[in-house]
Amino acid sequence: MPATMTPPASVTTTVATPTPPPLPDDLDAVLRRMRLPYLRKIAPDVLATAKAQRWDPAETLRVLIAEEIRGRDEATRRMRRKAAGLPSGKTFDSWRPADSSIPLATQQALTTLEWVGRAENLTITGPSGTGKTHFIEALSNTVIDAGMRVSWFTLESLTAALTRAAVDGSASKVIARITRAELVVIDDIGMLPAGQAAAEAFYRVVDATYEKRSVAVSSNLHPAGFDTIMPKTLATAAVDRLLHHAHVIVTEGTSLRLADATSGRGVIPLN
């Protein structure tokens, strides 16, 4: 009688998971026609599991529909991130709350996004490298995750967009498209001098969003000093509207980027 062979302990045996049968062609065609791509993709696995575990038909339907909703929501978020024009993809995953001079309670309150729901504004001013742009971009990603839209500009890119639109008379349409977003961001005001065109672009966006949409502004200047870099009349009118319903935050300290660089955290060490 042959001896039973026992595999050595060092040998790992794997059991292949059976591939679920594909959907019938007529059902696949129906799902394609109904434009249910995420449901169609997962349906073979779900139906095989439902059969093996004797799921209630209602539970099977719930799982399939939930997957379609999840897939559509994720696709919408990807589309909105791309349309927003966020500069670097920074989120709160890479944010270091303890290193910021923004009070922790203020950080937490802003991340609830209640201020966006109330169409309130946000201005963050302070020295370069103190986390202004990172914080606003992380907030912007949170806004998108919450199912809302973001339009992101520097003052220079906003001016260029409206200058191009003025050539063919479509400035009003461009403003309307920008302000469909629940949050409009204008980043790094004050880094460069702003002329008449920039002041007009800034004013038009702030005026169009006033009490309807939220605007977030970052600058190395307090908004009260914007009249030092742009025509006084436009600056005064824009800042008046901007600050009427605004959370004003002033950052302090030395550059976090410089601190990262001097501590070696700015790069991945070379092997």
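Reading the values: rules and limits
Residues numbered from 1 in each chain as written. Predicted model: local features only at pLDDT ≥ 70, side-chain atom pairs only at ≥ 80, totals over all residues. Heavy atoms only, no water. Pairing = 2+ DSSP bridges. Helix = DSSP H or I, 4+ residues; strand = E, 2+ residues; numbered from the N terminus. Axes fitted to C-alpha atoms, helices over the stretch in contact; angles between N-to-C directions. Parallel < 35°, antiparallel > 145°, perpendicular 65-115°, else oblique. Left-handed = near helix turned anticlockwise from the far one by under 90°. Contact = heavy atoms within 4.5 Å. Nonpolar A, V, L, I, M, F, W, Y, C, P; charged D, E, K, R; others polar.

A.B. asks: Please provide a residue-by-residue account of the sheet that holds strand β1 (residues 121–125), values included.
C.D. replies: The strands that make up a sheet are held in pairs by hydrogen bonds between backbone atoms, and each pair lies either parallel or antiparallel. Spatially, β2-β3-β4-β1-β5 is the arrangement adopted by the five strands of the open sheet, whose pairing is parallel. The open sheet terminates on both sides in strands that have one partner only, identified here as β2 (150–154) and β5 (246–250). Here the average twist between neighbouring strands, direction ignored, is 10°. Here five bridges tie β2 to strand β3 (residues 183–189), and the two strands are oriented parallel to one another. Across the sheet, Trp-152 pairs through a bridge with Val-185, a residue of β3.

A.B. asks: How would you explain the packing of helix α2 (residues 37–53) against helix α3 (residues 57–84) if you had to name every residue and give the values?
C.D. replies: Contact pair α2 / α3: the axes reach a minimum separation of 9 Å and the direction vectors enclose 150°. By the angle between their directions, the pair α2 and α3 is classed as roughly antiparallel. Along this stretch, α2 crosses α3, giving a crossing that reads as right-handed. Contacts between α2 and α3 involve Pro-37, Tyr-38, Leu-39, Ile-42, Ala-43, Val-46, Leu-47 and Ala-50 from the first element and Thr-60, Val-63, Leu-64, Ile-65, Glu-67, Glu-68, Gly-71, Arg-72, Ala-75 and Arg-78 from the second. When the residues that make up the contact of α2 with α3 are grouped by side-chain class, the tally is twelve nonpolar, two polar and four charged.

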